[in-house]
Amino acid sequence: MNEWEWNLLEDKAATVGCVEIDGVAVKTGDRVRLRPKEGGDILDIALRGQVAIIESIEQDYEGVQHICVVIEDDPGRDLGMLRQPGHRFFFTPAEIEPLEQVQVTADNPAAAKFAKAKILVAGIGNIFLGDDAFGVEVVRRLMNREIPAEARVVDFGIRGLDLAYALQDGYETTILVDAFPHGQPPGTLSVVELDARDIAAATPDVDPHSMHPLNVLRMASAMNGNLHRVLLVGCEPAYLGGDEGRMGLSEPVEAAVEEAVNTTESLVRCLLAGEAI
């Protein structure tokens, strides 16, 4: 089943905790080898024998189980984890071979990269509109930090629809990083918790090209996404590009970027440790 066909059924799909294959229980995050059935298309041939990570196990309205995977060696694997087309693939249990699982230990912390993320850190902004690029720059620097594997850091830029789809993945907390005009001196940082209930109750402005955070959250909620907890790390902009646009951050916003990186990293670690924010 291809991505388009699955999307037609996804609203009626149910998530399955695990499935037994050849007497072995496999679940989300497990490594498997792909054994597509004979007579498939060119993609089946290309994926045959590849090692993959189970992103989810779904059961459609007819009770048929489908295992969604991302390829272990795919440079765009994170896009697959965010449920983007072209980086996630569906197979039946009969086309999956269980592999010995890599355990996360103190001696092998790298195995945690296969675990399902609990936190999504989303950089938002347009690099052609001056200080609107704040969130993009913060996330770019954050990607160079040693962030726990339980957090996924993604530069969404102006791709509002991609973020709305990513929010369907059931993250415990979403941290949005964006310019935040609210009447403070330029460069002022704020951490705001958004009320998911108010977002869900609002009428969505469903515009796939809009990247206003509240519009994206409303769209995600309208798509049956449970937003759980949503935090905003925002910076008061000095200049948003005007009619002709402008690249580059203003001096006060540029000066606030590193503090925002530290603040966001601290939020991630506190949330994972169960500490109060």
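The notes below deal with the structure included here. (Residues numbered from 1 in each chain as written. Predicted model: local features only at pLDDT ≥ 70, side-chain atom pairs only at ≥ 80, totals over all residues. Heavy atoms only, no water.)

## Brief notes about the pairing of strand E6 (residues 65-71)
Next up, step 1: The element E6 is largely enclosed, with a buried count of 6 among its 7 residues.
Next up, step 2: As paired elements, strand E5 (residues 51-59) and E6 share 7 bridges and run antiparallel to each other. Looking across to E6, one finds that Gln59 is bridged to Gln65.
Next up, step 3: Hairpin geometry of E5 and E6 is characterised by an intervening segment of 5 residues between the two adjacent antiparallel strands and by a positive phi of about 85° at Gly63.
Next up, step 4: For E6 and strand E7 (residues 89-91), the ladder comprises 3 bridges, and the chain directions are antiparallel. (Buried < 20%, exposed > 50% of the residue type's maximum accessible area, 1.4 Å probe, protein only. Helix = DSSP H or I, 4+ residues; strand = E, 2+ residues; numbered from the N terminus. Pairing = 2+ DSSP bridges.)

## Looking at the sheet that holds strand E11 (residues 173-179)
Next up, step 1: A sheet is described by the order of its strands in space; here 5 strands give the open sequence E10-E9-E11-E13-E12, paired in mixed fashion. This sheet does not close on itself; its edge strands, each paired only once, are strand E10 (151-157) and strand E12 (189-194). Taking the axes of each pair of neighbouring strands and ignoring which way they run, one obtains an average angle of 20° across the sheet.
Next up, step 2: Here E11 runs beside strand E13 (residues 229-235); their pairing, made up of 7 bridges, is parallel. Considered in E13, the bridge of Thr173 is made with Arg229.
Next up, step 3: Strands strand E9 (119-124), E10, E11, E12 and E13 of the sheet are contacted by helix H4 (residues 134-142), whose axis makes an angle of about 130° with E9.
Next up, step 4: Against the sheet, helix H8 (residues 251-272) engages E9, E10, E11, E12 and E13, with an angle of about 160° to E13. (Axes fitted to C-alpha atoms, helices over the stretch in contact; angles between N-to-C directions. Contact = heavy atoms within 4.5 Å.)

## Section: the nonpolar core
Next up, step 1: Formed by 22 residues in total, the largest nonpolar core has its most connected members in Ile119, Val121, Phe134, Val138, Ile175, Val177 and Val268.
Next up, step 2: Those elements that place two or more of their residues in this core are E9, H4, E10, E11, E13 and H8.
Next up, step 3: No other element matches the 8 residues that H8 contributes to this core.
Next up, step 4: Apart from the residues lying within four places of it in its own chain, the contact partners of Ile119 are Glu150, Ala151, Arg152, Tyr171, Thr173, Ile175, Val268, Leu271 and Leu272.
Next up, step 5: Counting residues in each nonpolar core, the second largest holds 20 residues, with Ile124, Ala166, Val216 and Val230 among its members. (Core = buried A, V, L, I, M, F, W, Y, C linked by side-chain atoms within 4.5 Å.)

## With respect to the pattern of salt bridges
Next up, step 1: Overall, the coordinates contain 12 salt bridges when judged by the stated rule.
Next up, step 2: Taking the shortest distance from any N to any O, the salt bridge between Lys27 and Asp30 comes out at 3.3 Å.
Next up, step 3: The class of Lys27 is partly exposed, set by a relative accessible area of 45%.
Next up, step 4: The class for Asp30 is buried, based on a relative accessible area of 7%. (Salt bridge = Lys/Arg side-chain N within 4 Å of Asp/Glu carboxyl O.)

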